Protein chains: 2
Amino acid sequence: MMNVDVDLGERSYPIFIGPGLLSQPGILSPYIRGGRVLVVTNEVVAPLHLDALQATLADASDRQVDVLVLPDGEHTKTLSTLQLIYDELLSKRHERSTTLIALGGGVTGDITGFAAATYQRGVDFIQVPTTLLSQVDSSVGGKTGVNHPLGKNMIGAFYQPRCVLADITVLSTLPVRELQAGLAEVIKYGLLGNHDFLLWLEQHIDALLAGDADLLAQAVKICCDEKARIVAADEREGGMRALLNLGHTFGHAIEAAMGYGNWLHGEAVATGMVMAADLSWRLGWISADDASRARDLVARAGLPVCPPPEMTADQFMSLMSVDKKVQAGKVRFILLRGLGDAVVESDIDPDLLRQTLSAGDRLCR
Amino acid sequence: MMNVDVDLGERSYPIFIGPGLLSQPGILSPYIRGGRVLVVTNEVVAPLHLDALQATLADASDRQVDVLVLPDGEHTKTLSTLQLIYDELLSKRHERSTTLIALGGGVTGDITGFAAATYQRGVDFIQVPTTLLSQVDSSVGGKTGVNHPLGKNMIGAFYQPRCVLADITVLSTLPVRELQAGLAEVIKYGLLGNHDFLLWLEQHIDALLAGDADLLAQAVKICCDEKARIVAADEREGGMRALLNLGHTFGHAIEAAMGYGNWLHGEAVATGMVMAADLSWRLGWISADDASRARDLVARAGLPVCPPPEMTADQFMSLMSVDKKVQAGKVRFILLRGLGDAVVESDIDPDLLRQTLSAGDRLCR
């Protein structure tokens, strides 16, 4: 088992990474303060992993564990689903000393975390992410929330879990498309700030795709380390934390245009990163070869490299202007000064931007 | 103008107290970072005070001020009303740099504060409380949130405003019943921790009821000082902050039983404080004379001293058991060891408690 300690002062917490963690009785007990727990999961994950989690939680005989099984999918990440969690907590009379455990992917984690942040103004929260994407990304950083019809993640809070359990074994139950979507965020950490990791990924991408548990554990560990380092330096997203949004300005627009869940978040981010590399090349910041390397790694991971052909540049512009990354009316882009060296830039030549937004043919070649 | 500085480290903020503050152009400008503002108010307050606030905000010619007028009343403090604020913010494309200003009483402040805490994971927030109750109570402490059909304030967050403007002049537009309800919370600060202030209140209660602006300003200042001191010592309600709930365990049960808004919050708290004093007397902690003094001051403020005759002890017990103040299944009571000396106690002889819950006749004598 490997550990990543997220250092946030009194809100610090550990991430445990390794195979079979979900089957270790008592592993979560040091992080459960009260006698009651609500496990929030979904209809896809519950049949696969709920029994194991319940067995793990059975080490304390006087612990009362309730379970809420939500529908699955990004379209369920709404205030109405959130209300189901509040209803369950209140109808079962959970008190402020209760612990919420999110068992599932990013949607389950985000919505359960937001419920924990806001139920009785804050109760304890544990993440058990079951997708690669949520293990490398949503389990670090404390971002919780739900979508609004007019924008993704527009309602939420920063709220830290008491601990995160990233069991690598559960990744073997993932559909390959989900694994690929997770690799998009893995690649992101190479591109934005760790050139050595990018080289490592170029070497191991096929084995990762094939589900090699040791390599996956290493990748999760490195991504969590990278993200933990960035988040510790900038918990509330004032500065460098924005770099984590590499690929997300374009990606969120794609998700919004195509309807949440039709493109997976990781797929949209993958294409968004290729577009960010393309724009960086047009700005003269990276070479054509470097832009191609980024694009090729994304393609090798089985991820889309070109935006939906039906999306126009105008549609991109309009959707990007409601993104949370907008400041003073200007869209902030995360671009590359080099592979492994991302920067924030909001003053972009609109002509070059339009070229990238209309560059489908080039990107998809 | 008087100041209270709420000392919460990087979340510190000032409360300005005095007559005519709402008519001072530019008074809020140092606390508005971006160029956009959403004023959230309600249909009762808007006709009285919105023009003045808008004139005050007009000192920056490039500032864009939107206004959202909500329906009035405690029954509107729901997730659906909250959603109206999100809808307005998103449809008008407010960014993370926007400022929300709550112009109204406790309901407006709580719901607007929660919207600010959760819109894009947190935007700036200014309180302009227009009732005595919200000036002395909800503008200090950072409690924000909405009600759930199964419990009051069950969904929320701790979130601090950038500043609070308590304009004493606006209190002259309050219906007398609202002024009385505010005096309940004023009396609370005397009872829970400041015997000198209790004596001052016994001396001035009639003039306060008559709307004496100087005395009201002094009372607001002292209450804010008391609350700021307690909150600064215990921001997240781990310990002594619980004392602020004097009268609230009983009071919340009354509000829930009678339907939110039928009894005003202050009225329910007033009766709750009389019940707390009664229970403290039954426990032998205070004399019958002291219990009567508490009851008499509440009565002189025009507030109810006995619970609704239709409420049974069983109904009280059931409703109190879902209160946020429940810990490990035990209801926590705030009781009096003396006038001006409150303590938290959860180990109460159930027989004595039932006597208080059934003591309507005695309290209403």
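Below is a short write-up of the structure. This is a predicted model, so every value here is computed, not measured.

### A word on the pairing of strand 5 (residues 99–104) of chain A
Residue and element names in this part refer to chain A.
Next, step 1: With respect to burial, strand 5 is a largely interior element, six of its six residues being buried.
Next, step 2: Neither face of strand 5 is open: one carries Thr99, Ile101 and Leu103, the other Leu100, Ala102 and Gly104, and all of them are buried.
Next, step 3: Relative to strand 5, strand 3 (residues 36–42) runs parallel, the two being bridged by four bridges. Opposite Val37, over in strand 5, you have Thr99 as the bridge partner.
Next, step 4: Two strands pair when backbone bridges link them, and strand 5 and strand 6 (residues 124–129) are joined in this way by six bridges, in the parallel orientation. Each bridged residue has a counterpart across the sheet, and for Gly104 the counterpart in strand 6 is Pro129.
Next, step 5: For the segment spanning strand 5, helix 3 (residues 106–118) and strand 6, crossover handedness is right-handed.

### Quick look at the packing of aromatic side chains
Residue and element names in this part refer to chain B.
Next, step 1: Taken as a whole, this structure holds six aromatic pairs over all chains when the rule is applied.
Next, step 2: Ring centres of Phe197 and Trp200 lie 5.6 Å apart, and the angle between their planes is 25 degrees; this geometry places the pair in the stacked category. Taken together, the residues span about one helical turn, with Phe197 and Trp200 both in helix 6 (residues 195–209) at a distance of three residues. Here Phe197 and Trp200 have matching classes, each one buried.

### A word on the sheet that holds strand 3 of chain A
All names here are of chain A.
Next, step 1: Ordered by their spatial adjacency, seven strands build an open sheet running 1-2-9-6-5-3-4, and the pairing between neighbours is mixed. In this open sheet, the two edge strands, each paired with only one partner strand, are strand 1 (2–6) and strand 4 (64–70). Strand after strand, the sheet turns through a mean of 15 degrees between neighbouring axes, direction not considered.
Next, step 2: Of the strands in this sheet, strand 3, strand 4 and strand 5 are in contact with helix 1 (residues 46–57), which crosses strand 3 at around 165 degrees.
Next, step 3: Against the sheet, helix 2 (residues 79–91) contacts strand 3, strand 4 and strand 5, and its axis sits at roughly 155 degrees relative to strand 4.

The rules we used
- Residues numbered from 1 in each chain as written.
- Chains lettered and ligands numbered in written order.
- Predicted model: local features only at pLDDT ≥ 70, side-chain atom pairs only at ≥ 80, totals over all residues.
- Heavy atoms only, no water.
- Buried < 20%, exposed > 50% of the residue type's maximum accessible area, 1.4 Å probe, protein only.
- Helix = DSSP H or I, 4+ residues; strand = E, 2+ residues; numbered from the N terminus.
- Pairing = 2+ DSSP bridges.
- Right-handed = clockwise from strand over helix to strand, strands pointing away.
- Phe/Tyr/Trp six-rings, centres within 6.5 Å; stacked < 30°, edge-to-face > 60°.
- Axes fitted to C-alpha atoms, helices over the stretch in contact; angles between N-to-C directions.
- Contact = heavy atoms within 4.5 Å.

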